[in-house]
Amino acid sequence: MAMFGGFGFFVVIIVVIYALSSIKILAEYERGVIFRLGRLLARAKGPGVILVFAPVDRMVRISLRQEALEVPPQDIITRDNVTLKVNAVIFLRVIDPNRAVVEVSNYLYQTSQFAQTTLRSVLGEVELDELLSHREKINLRLQSILDQHTDPWGVKVNNVEVKQVDMPESMLRAMAKQAEAEREKRSKIIHAEGEFSAAQRLVDAAHLLSTEPASIQLRYLQTLTEIGVEKNTTIVFPLPIDLMENLSKLMEKSMGSAKP
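A.B. asks: For unusual backbone geometry, give the residues involved together with the corresponding values.
C.D. replies: Look at the link from Gly46 to Pro47: it is a cis peptide, with omega at -5°. Counting through the fold element by element, Pro47 comes out in the loop between strand E3 (39-40) and strand E4 (48-51). Even without glycine at this site, Leu37 takes up a positive phi of about 55°. Of note, Leu37 is situated in the loop between strand E2 (30-36) and E3.

If you want it as C-alpha cells, here you go:
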C-alpha cells in the first residue's frame, strides 16, 4: 500500500507539472496558431491564458505589431540610362495569423525578396527626374504591387518609402551645372521683364506729358530743384523751353525759304 501510495503521488506530481507546462500566456499583440495532431485549428488563440497540450498540440506565436523591413541597396538603371543605388523601407503587419504560418514559410524573408525585385523593375521604368520629384507616386505604386503579393499570406503592407538614392559624382556635378544654368536663365528673364516694364512706363509717361505742354515745364523746374538741393559745384542756366521751340520753328522756316 505504501508503494502504491508513493506511485500515486508521483503520478499526481507528473500531472500537475504537465498541466502547468500546458499553460501559455500570450500578450495583447500576440496570437497562437495551434496545430492539433498536425491539423490547423480554425481560429488562432489569444491573447491571455491558453492551454496547449503537448505533444498533441503545437503552437506558433505570431506578432500582430507593425514591423519595419529594410530593403538592401539595389543597383538600378533608370529609363534614361542613369545608374543608381536605391534602398527602401517597408512597413507591414500580420492581419491573418493562420495564413501567415500556413501559406508561407517566412513571410519577412519572402516580402524582402519580392521588394527587391519590385524595386528594380518599377524604378527601371521611370526617369531620374521623376524619381526625385514624384517619389510619393512611386511609393504608392510599390505599396500596391507588394500588397497584392502579400495579401494571400495574410500580411498587409501599410507603406513603402524609398529611403535613399545614391547617384555617381559625375551625375551630381551635371545636376549642379543644370541647376546653376536654370537660375541664370531665370535671372536674365526677370531682368529683361524689368527693362520692358521700365520702358513701357517711360512710353506711358511721354504720352501723358505730350497731352499737356505745361507739364513739361513743371517737370523741368522740378528737375532743377532736385539738382539745386545737392551740395555740389554744378551751375545750371535755365533755358525756357518756349524759346527753344521758337528757335526751332524759325530755323525750319529759314531752311524752307532757302530751298529753290
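A.B. asks: Please provide a residue-by-residue account of the pattern of salt bridges, values included.
C.D. replies: Using the criterion set out here, one finds 9 salt bridges in the structure. For the salt bridge of Arg61 with Glu30, the shortest nitrogen-to-oxygen distance reads 3.1 Å. Here Arg61, found in strand E5 (residues 57-63), pairs with Glu30, found in strand E2; they are 31 residues apart in sequence, far enough to count as distant. Note on Arg61: relative accessible area 41%, which makes it partly exposed. By relative accessible area, which is 16% here, Glu30 ends up buried. A salt bridge links Arg36 to Asp57, with the shortest nitrogen-to-oxygen separation between them at 2.8 Å. Remark: Asp57 occurs in strand E5 and Arg36 occurs in strand E2; sequence separation between them is 21 residues. Given the relative accessible area of 5%, Asp57 is considered buried.

A.B. asks: So what about the sheet that holds E3? Which residues, and what values?
C.D. replies: Taken together, 3 strands build an open sheet; the order of strands is E3-E2-E5 and the sheet is antiparallel. Two strands in the sheet have a free side with no partner beyond their single neighbour: E3 and E5. Of the strand pairs in this sheet, E2 and E3 are connected by 2 bridges, and their pairing is antiparallel. Bridging from a neighbouring strand, Phe35 pairs with Leu40 of E3.

Rules of the game
Residues numbered from 1 in each chain as written. Predicted model: local features only at pLDDT ≥ 70, side-chain atom pairs only at ≥ 80, totals over all residues. Heavy atoms only, no water. Helix = DSSP H or I, 4+ residues; strand = E, 2+ residues; numbered from the N terminus. Salt bridge = Lys/Arg side-chain N within 4 Å of Asp/Glu carboxyl O. Buried < 20%, exposed > 50% of the residue type's maximum accessible area, 1.4 Å probe, protein only. Pairing = 2+ DSSP bridges.

Any link to function would need more than the numbers given here.
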